[in-house]
Amino acid sequence: MGSSKNSRWAKVRKLFNDVHLWCGLASGLIVIVVCFSGTAYVFNTEIREMASPQLYTLSEPGTTVLPAAEIIRMVEEHTNGKVQNLKIPHKGDRAWHVSVKSKAERAEPQRPGTRPSPGTVYAVNPYTGEIVGNVSAEKNGATEFMRSMFSLHRWLLLDRIEEPIFGELPNRQLGSYITGTATILFTIGVLTGLIIWFPQKLKTWRQGLKIKWNANWKRVNHDLHNTLAFYSLIFLFLMGVTGPQWSFPWYREGLQKTLGTYRGEDAPRPKPAKSTIPDDGADPLSIEQYIAAASSVLSYDGDYTITLPRDSAAAVVLAKNKIGFFAPAAPDRISLDQYTAAVVDKEIFRDKPFNERIAGSIKALHLGDVYGTFTKIIYFFACLVATSLPVTGTLIWINKLKKKRKKARRKE
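Engineer: Even after reading the chapter, I still don't get the overall build of the chain, so can you show me in this structure?
Structural biologist: Each helix and strand in the chain was counted, giving 13 helices and eight strands. Expressed as lengths along the three principal axes of its C-alpha atoms, the size of the chain is roughly 100 × 50 × 45 Å. With 412 residues in all, the chain has 37% of them scored as buried. As displayed, the chain has an accessible area near 25,100 Å², and 59% of this comes from carbon and sulfur atoms. Placing the 54 positive and 36 negative side-chain charges of the chain at their respective mean positions leaves the two points 21 Å apart.

In structure tokens:
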């Protein structure tokens, strides 16, 4: 009876081992490129800030912040545009980021299902109202490198080739299909790898959790592949299972249906919160009053992103992100009546159903900033492991082929 079970397990294990092998060989080179560029991109925000500190940190902070209305007036006067939103940091030594749209940009119709253009983002000294730089147009070695890493990660740099390589298919889409397919194969490899890692005898499971450094290089390579993959498993899976949604609409739709958050094109969209226009023709309140009202509900330290109302009937939307080493990426949002600062709608992330929290965190789960710098560090090392897996896995396969050939020669 025992030998029969062992025989069945051996067959199942061989099947998964073959699937694991061929998924790895088919996607190996692409996975190395995607994971290497992903490793570099984990700290994209921090690297860009280090390269252009003047756009984020004030060298000489003042003592009194100008009224937000005055800052908006000065920025609009300088840019000849219309301020759409403001990012107001909690720390006083940080520049404000103000998004401005030109008249032509505001006139462009928005396509259904797409996000509105953020416009041009300017860094502003809130103590003087001076524009200290154009965040959107900033170019230096670090920003160009990060743009290249993003292009390599998403499209294998194919978006930089003008002439279509394959028929009439745009090169960006072609690159996206290749990386998406490789990522799906990688995810299958992660799952099958866990199955073949699991020991037949539970008493030997500890052997799979450590690297025998004093062994020969083949054993060390084998342990590096198995052990590092095991410790990184959950992060490799999260990176892999979320990635293809940017490559394939059918995958994105399937992921949304799995999470129970799918909304078809014909499904009614939630109506935006509205303000009640006063009969006496009262003016909207100040940005400072909106922040005070929001802070009474969201009583923690954080950075505000304030979206100004598009017309006299719209609400003011404030998104607040916590700050700190373990700060979650997901913001809380609150909509206020622009004339009274009364709360007309609010979205507290932790109060949402679990499936909606997961759906709202897909990008953060893929990039690694779910809980700020803490998870970014973890993802950085997990990406390094992912980059190494095709190399160590191929070496294992080559070593096994050599063993088989030696055995075949001995039999002859």
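Let us keep going from here.
Engineer: Got a minute to help me understand helix α5 (residues 141-155) in this structure?
Structural biologist: When the terminal C-alpha atoms of α5 are compared, their 21 Å separation across 15 residues agrees well with the 21 Å that a helix rising 1.5 Å per residue should span. Of all the positions in α5, only A142, T143, M146, M149, S151, L152, H153 and W155 are classed as buried. The opening residue of α5 is N140, an N-cap whose side-chain oxygen sits 3.0 Å from the backbone nitrogen of A142. The positive-phi residue at the C-terminal boundary of α5 is L156, with phi of around 60 degrees.

Engineer: Sorry if this is basic, but what is going on with the packing of α5 against helix α6 (residues 171-197) here?
Structural biologist: Between α5 and α6, whose axes approach to 7 Å, the crossing angle comes to 70 degrees. By the angle between their axes, α5 is roughly perpendicular relative to α6. From α5, H153, R154 and W155 reach across to α6, where they touch R172, G175, S176 and T179. Within the contact of α5 with α6, the residues separate by chemical class into one nonpolar, four polar and two charged.

Engineer: How should I be thinking about the packing of aromatic side chains in this particular structure?
Structural biologist: Aromatic ring pairs are described here by two measures, namely the spacing of the ring centres and the angle between the planes. Applying the stated criterion across every chain yields a total of 13 aromatic pairs. Here F43 and F380 contribute two aromatic rings whose centre-to-centre distance is 5.9 Å and whose plane-to-plane angle is 55 degrees, an arrangement assigned as tilted. Here F43 is found in the loop between α1 (2-41) and α2 (44-51), whereas its partner F380 is found in helix α13 (residues 372-411), with 337 residues between them in sequence. Classification of F380 as partly exposed rests on a relative accessible area of 26%. Centre to centre, the rings of F325 and F326 are 5.0 Å apart; their planes meet at 85 degrees, and the pair counts as edge-to-face. The class of F325 is partly exposed, set by a relative accessible area of 39%. Each residue in the set Y177, F248, W250 and Y251 is aromatic and connected to the rest through ring pairs, giving one cluster. A cation over a ring is seen here: R172 above W155, with NZ or CZ 4.0 Å from the ring centre. Above the plane of the ring of Y262 lies K257, whose end atom (NZ or CZ) is 5.0 Å from the centre.

Engineer: Looking at this structure, how should I read the sheet that holds strand β2 (residues 96-101)?
Structural biologist: By definition, the strands of a sheet pair up through backbone hydrogen bonds, in either a parallel or an antiparallel sense. With antiparallel pairing, eight strands are arranged side by side in an open sheet as β4-β3-β2-β1-β5-β6-β7-β8. In this open sheet, the two edge strands, each paired with only one partner strand, are β4 (131-134) and β8 (343-347). The sheet shows a mean angle of 20 degrees between the axes of neighbouring strands, direction not considered. Relative to strand β7 (residues 332-336), strand β6 (residues 316-322) runs antiparallel, the two being bridged by five bridges. Across the sheet, residue V316 finds its bridge partner in β7, namely L336.

Engineer: How should I be thinking about a nonpolar patch on the surface in this particular structure?
Structural biologist: A cluster of nonpolar side chains, contributed by F325, F326, Y371, F374, I377, F381 and L384, occupies part of the molecular surface with about 690 Å² of accessible area. Among the structural elements, L384 can be located in helix α13. Assessed through its relative accessible area of 41%, L384 is described here as partly exposed.

Engineer: Looking at this structure, how should I read the nonpolar core?
Structural biologist: Note that soluble globular proteins tend to have their nonpolar side chains buried in a common cluster. Membership of the largest hydrophobic core comes to 29 residues, with the highest contact counts inside it found for V75, V83, L86, I88, I287, I306 and L318. Contributions of two or more residues to this core are made by α3 (68-79), β1 (82-88), β2, β3 (120-124), α10 (287-297), β5 (302-307), β6 and β7. Counting residues per element, this core draws most heavily on α10, which supplies five residues. Listed in part, the 14 residues of the second largest apolar core include V42, L236, M239 and C383.

Engineer: Would you take a moment to explain the pairing of β6 for this structure?
Structural biologist: Within a regular strand, the side chains alternate between the two sheet faces. Pairing analysis gives six bridges linking β5 to β6, with the strands arranged antiparallel. Bridge pairing links G302 to K322 in β6.

Engineer: Teacher, can you tell me more about the pattern of salt bridges here?
Structural biologist: Pairing is possible between side chains that carry opposite charge, provided their charged atoms lie close to one another. If you walk through the whole model with that rule in mind, you get nine salt bridges. The salt bridge involving K14 is made with D18; its shortest N-O contact spans 3.0 Å. Separated by four residues within a single helix, K14 and D18 lie in helix α1, roughly one turn from each other. With relative accessibility at 25%, the residue D18 sits in the partly exposed group.

Engineer: Any chance you could explain unusual backbone geometry here in plain terms?
Structural biologist: The phi angle of most residues is negative, glycine excepted, and most peptide bonds adopt the trans form. Here the phi dihedral of L156 falls at roughly 60 degrees; this positive angle occurs in a residue that is not glycine. Within the secondary structure layout, L156 lies in the loop between α5 and α6. Non-glycine residue A341 carries a positive phi angle of around 65 degrees. Within the fold, A341 resides in the loop between β7 and β8. The class for A341 is buried, based on a relative accessible area of 13%.

Criteria and cut-off values
Residues numbered from 1 in each chain as written. Predicted model: local features only at pLDDT ≥ 70, side-chain atom pairs only at ≥ 80, totals over all residues. Heavy atoms only, no water. Helix = DSSP H or I, 4+ residues; strand = E, 2+ residues; numbered from the N terminus. Buried < 20%, exposed > 50% of the residue type's maximum accessible area, 1.4 Å probe, protein only. Areas by Shrake-Rupley, 256 points an atom, 1.4 Å probe, with all protein chains shown as cover. Lys, Arg positive; Asp, Glu negative; His and termini not counted. Charge placed at Lys NZ, Arg CZ, Asp CG, Glu CD. Expected span 1.5 Å × (residues − 1). Polar contact = N/O pair within 3.5 Å; in protein donor to acceptor, adjacent residues only side chain to side chain. Axes fitted to C-alpha atoms, helices over the stretch in contact; angles between N-to-C directions. Parallel < 35°, antiparallel > 145°, perpendicular 65-115°, else oblique. Contact = heavy atoms within 4.5 Å. Nonpolar A, V, L, I, M, F, W, Y, C, P; charged D, E, K, R; others polar. Phe/Tyr/Trp six-rings, centres within 6.5 Å; stacked < 30°, edge-to-face > 60°. Lys NZ or Arg CZ within 6 Å of the ring centre and 35° of its normal. Pairing = 2+ DSSP bridges. Patch = residues over 30% accessible without salt bridge, like charges linked within 9 Å, V, L, I, M, F, W, Y side chains within 5 Å. Salt bridge = Lys/Arg side-chain N within 4 Å of Asp/Glu carboxyl O. Core = buried A, V, L, I, M, F, W, Y, C linked by side-chain atoms within 4.5 Å.

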